[in-house]
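Letter by letter, the chains look like this.
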Amino acid sequence: MAPAIVTSGGDMPEFEGRITFTVIICVVIAAFGGLMFGYDIGISGGVSAMDDFLKEFFPAVYEKKSHALENNYCKYDNQFLQLFTSCLYIAALVASFIASKCCTKLGRKPTMQIASLFFLLGVVLTASAVNMEMLIFGRISLGFGVGFGNQAVPLFLSELAPAKIRGALNISFQLFITIGIFIANMVNYVTSKIHPYGWRISLAIAGIPALMLCIGSLAICETPTSLIERNKLEEGKAVLKKIRGVDHVDLEFDSIVVACDQAKQITNPYRKLMKRESRPPLVIAIILQVFQQFSGINAIMFYAPVLFQTVGFGNDASLLSSVITGIVNVASTLVSIYAVDRIGRKLLLIEASVQMFVTQTIIGIILVIGLKPTGNLEPKQAMAVVFLVCIYVAGFAWSWGPLGWLIPSETFPVETRTSGFAFAVSTNMLCTFIIAQAFLSMLCSMQAGIFFFFAAWILVMGMFSIFFLPETKGVPVDAMVERVWKQHWFWKRYMTHLDGTELKPRKSDLAHQTMT
Ligand code: BGC
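The structure displayed is predicted, hence computed values, not measured ones. (Residues numbered from 1 in each chain as written. Predicted model: local features only at pLDDT ≥ 70, side-chain atom pairs only at ≥ 80, totals over all residues. Heavy atoms only, no water.)

J.: What should I look at first to understand the packing of aromatic side chains in this one?
T.: For any pair of aromatic rings, geometry is given as the distance between the ring centres together with the angle between the planes. Scanning all chains against the criterion turns up 28 aromatic pairs. Grouped by ring-pair contacts, the aromatic residues Phe291, Phe294, Trp400, Trp457, Phe464, Phe468, Trp485, Trp489, Phe490, Trp491 and Tyr494 constitute a single cluster. The ring of Phe84 has Arg139 sitting right over it, with the charged end atom 4.9 Å from the ring centre. Here the basic side chain of Lys193 rests over the ring of Tyr189, its NZ or CZ set 3.7 Å away from the ring centre. (Phe/Tyr/Trp six-rings, centres within 6.5 Å; stacked < 30°, edge-to-face > 60°. Lys NZ or Arg CZ within 6 Å of the ring centre and 35° of its normal.)

Written out as C-alpha cells, the structure is:
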C-alpha cells in the first residue's frame with residue numbers, strides 16, 4: 001500500500017483551521033530532527049581537522065599533516081578518514097527505505113522516536129570511542145538516525161501544517177539543517193582549543209537535539225493522515241480538530257480519507273513509479289539530488305576547515321572561516337523562504353547556477369595561480385577564497401539546497417508521492433556518500449582542478465534548469481500532471497490522455513521550449 005500525503009491547492013477548497021499551539025509545539029520538536037542532521041553534517045569536518053582526534057585514530061594523517069614539505073592538497077587524503085564522514089550516508093541510504101515502510105505501518109511519530117534512539121546510540125559510541133570500530137559503528141548508527149529522521153520529519157511537517165504555510169514549513173526543515181551546521185561550526189571552534197578531549201565534546205553535543213527529539217516526541221500527536229491510513233478514523237478526526245483548532249474539519253477529513261483510499265488502490269507504488277508516465281517527476285527528483293551534491297556543496301560543508309587549512313589558514317582561522325560560511329548559509333536560506341513563492345523556483349535555480357559557476361571558477365583560477373603544492377596562498381588571495389566561498393554558499397542556500405528537497409516533494413501525484421520521495425532521499429544520500437568518500441582524494445589528485453570539475457557540473461545544472469525544469473510556483477500540487485507535465489515541451493511526451501493515448505509534441509512546442 002502506498003502511504004498518502006494529503007495536500008491542498010488553489011483548485012481545492014480552503015480548509016478551515018488556524019495555526020494552533022499544538023502545531024507550533026509539534027513543529028518545534030520535529031525541528032530537532034533537522035538540527036540533528038545539520039549538526040552531523042557540520043561536525044565531522046572540524047573534528048577531522050583536530051590534531052588530538054587525528055593522533056588518536058589517524059596517526060598517519062597526523063604525521064603527513066605535520067610534515068613541513070607535504071603536498072598541500074594531499075595532507076588529509078586518507079580513505080579511513082573519509083570513511084569516518086561518509087559511512088553515515090550509506091547507512092542513511094539503507095535506512096531510508098526501511099523508514100519509509102515504518103512510516104506507513106507504524107506511523108510518523110514512532111519513526112521519529114526510532115530515529116532519536118539511533119542518534120543517541122551513535123552519539124554515545126562516537127563520543128566515547130576508544131577504537132576505530134566504535135567510531136565507525138557510532139557513525140553508522142547516526143546514519144540510521146538520519147535515514148529515519150529525514151524520511152519522517154518532512155512528512156510529519158507537511159501533513160501537520162495548514163495548507164497555506166506548507167511551502168514555508170517545508171523549507172524550514174532546511175533552515176534547521178543549516179542552523180545545525182552553523183552550531184556545529186561554532187562548537188568546533190570552541191572545542192578545538194580544549195585538549196585533548198575537545199573532539200569528544202563536539203561529538204557528544206549531538207546528544208542534545210537527539211534527547212530533545214526523544215523526550216519531545218512522547219508529547220507530540222501522530223498526524224491525522226497516518227492515523228486514517230491505518231484505519232483509525234475516529235482518532236484521526238479528533239487529532240485533526242485539535243491541530244486545526246476548529247470543530248468543522250469535515251472537508252479536510254474527507255479529502256484525507258479519499259487520498260488514503262486512492263493510495264490503498266496502489267498495491268505496489270514502486271511498480272507504478274517505474275511506469276512511463278511517472279518518468280518526468282522521477283527523473284527530475286533524481287537529477288536534482290545528483291546536481292545538488294555534485295555542485296560541490298558538501299566539499300565545503302564537510303571539509304571547509306580542512307579546505308581553508310589547505311589554502312594556508314591556521315587551525316583557528318580555518319574554523320572561524322567555517323563559522324562565517326555557516327552564518328551565510330543560514331541567512332541565505334531565509335532569503336529562499338521569502339523568494340521561492342514570489343520569484344519562482346526556476347529563476348532562483350538559474351540565477352544561483354550562474355553565481356556558483358562564476359565563484360567556483362574564480363576559486364580554481366586563484367588556486368592554480370597562487371597555491372603551489374608547498375607553501376601558502378598570499379593572505380589577500382586566501383581572504384578572496386573565503387569571500388568567494390561565502391558567495392557560492394549563499395547561491396546554494398537560496399536555491400539548490402532547499403529546492404532540491406521542495407521540488408520532489410511537490411511534483412509527484414499522490415499515489416507515488418512518498419515512494420518517489422524515498423527515491424529522492426536515497427539518491428541524495430548516495431551522492432553525499434560519494435562526495436564525502438572521494439573529495440579529499442580528488443583534491444589530492446586533481447588539485448585546483450577539482451573546482452573546475454564542480455564548475456562544469458554547475459554549468460550543466462544551469463542548462464538543465466533552463467531547458468528541462470518546469471516552473472511549479474503557484475501550481476496546486478494535485479494539478480501538476482495537467483498544468484505542468486502535460487504542458488511542458490519535453491516532458492509531455494511521457495504523458496497520456498485520459499483515454500490512455502499518447503500526447504504527441506507539436507513542432508511549435510520547440511519554439512516555446514524555454515518558456516515553460
Ligand atoms: C543538502 C546537504 C547540505 C546542506 C547544506 C542540504 O540541502 O542536502 O547535503 O549539506 O543542504 O546546507
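J.: Please explain the state of the cysteines as it appears in this structure.
T.: Between two cysteines, a covalent bond joining their sulfur atoms is known as a disulfide. Taken as a whole and judged by the stated rule, the model has one disulfide. Residue Cys74 pairs covalently with Cys444 via a disulfide, S to S 2.1 Å. Its S-S torsion of about 90° marks the bond between Cys74 and Cys444 as right-handed, since a negative value means left-handed. Placement of Cys74 in the loop between α3 (59–66) and α4 (79–105) and of Cys444 in helix α20 (residues 417–446) is noted, with a sequence separation of 370 residues between them. Each of the two residues, Cys74 as well as Cys444, counts as buried. Counting only cysteine sulfurs, Cys221 is the nearest neighbor of Cys26, a cysteine outside any disulfide, at a range of 4.0 Å. With a relative accessible area of 11%, Cys221 lands in the buried category. (Disulfide = S-S within 2.5 Å. Helix = DSSP H or I, 4+ residues; strand = E, 2+ residues; numbered from the N terminus. Buried < 20%, exposed > 50% of the residue type's maximum accessible area, 1.4 Å probe, protein only.)

J.: I tried to follow the site of the ligand on my own but got confused; where do I start?
T.: Residues in contact with the ligand amount to 13 residues; listed here are only the nearest, Gln174, Gln292, Gln293, Asn298 and Asn329. Contact between the ligand and Gln292: an oxygen atom at 3.0 Å from a side-chain N or O atom of the residue. Contact between the ligand and Asn329: an oxygen atom at 3.0 Å from a side-chain N or O atom of the residue. When the free accessible area of the ligand is taken as 310 Å², the share hidden by the protein chains comes to 99%. (Near = heavy atom within 4 Å. Polar contact = N/O pair within 3.5 Å; in protein donor to acceptor, adjacent residues only side chain to side chain. Areas by Shrake-Rupley, 256 points an atom, 1.4 Å probe, with all protein chains shown as cover.)

J.: Explanation requested: a nonpolar patch on the surface in the structure shown.
T.: On the surface, Ile365, Val368, Ile369 and Phe452 cluster together into a nonpolar patch covering about 350 Å² of accessible area. A total of three residues in the nonpolar patch trace back to one element, the largest contributor, which is helix α17 (residues 345–370). Structurally, Ile369 can be placed in helix α17. Looking at Ile369, the relative accessible area reads 57%, which means it is exposed. (Patch = residues over 30% accessible without salt bridge, like charges linked within 9 Å, V, L, I, M, F, W, Y side chains within 5 Å. Salt bridge = Lys/Arg side-chain N within 4 Å of Asp/Glu carboxyl O.)

J.: Please explain helix α21 (residues 449–467) as it appears in this structure.
T.: One full turn of an α-helix is made of 3.6 residues, so residues set three or four places apart face in the same direction. Here α21 contains 19 residues, and its C-alpha end-to-end distance of 28 Å stays within 8% of the 27 Å for a straight helix at 1.5 Å per residue. Residues Ile450, Phe451, Phe454, Ala455, Ile458, Met461, Gly462, Phe464 and Ser465 constitute the buried set of α21. Buried positions along α21 lie against α14 (279–294), α15 (297–310), α17, α18 (379–397), α19 (400–411) and α20. (Expected span 1.5 Å × (residues − 1). Contact = heavy atoms within 4.5 Å.)

J.: Any chance you could explain the nonpolar core here in plain terms?
T.: Formed by 143 residues in total, the largest nonpolar core has its most connected members in Phe53, Leu367, Trp400 and Phe439. Residue contributions to this core peak at 13 residues, all from helix α1 (residues 21–48). With sequence-adjacent residues up to four places away left out, Phe439 is seen in contact with Gln82, Ala299, Tyr303, Leu307, Ile434, Ile450 and Phe454. (Core = buried A, V, L, I, M, F, W, Y, C linked by side-chain atoms within 4.5 Å.)

By themselves these figures say nothing about function.
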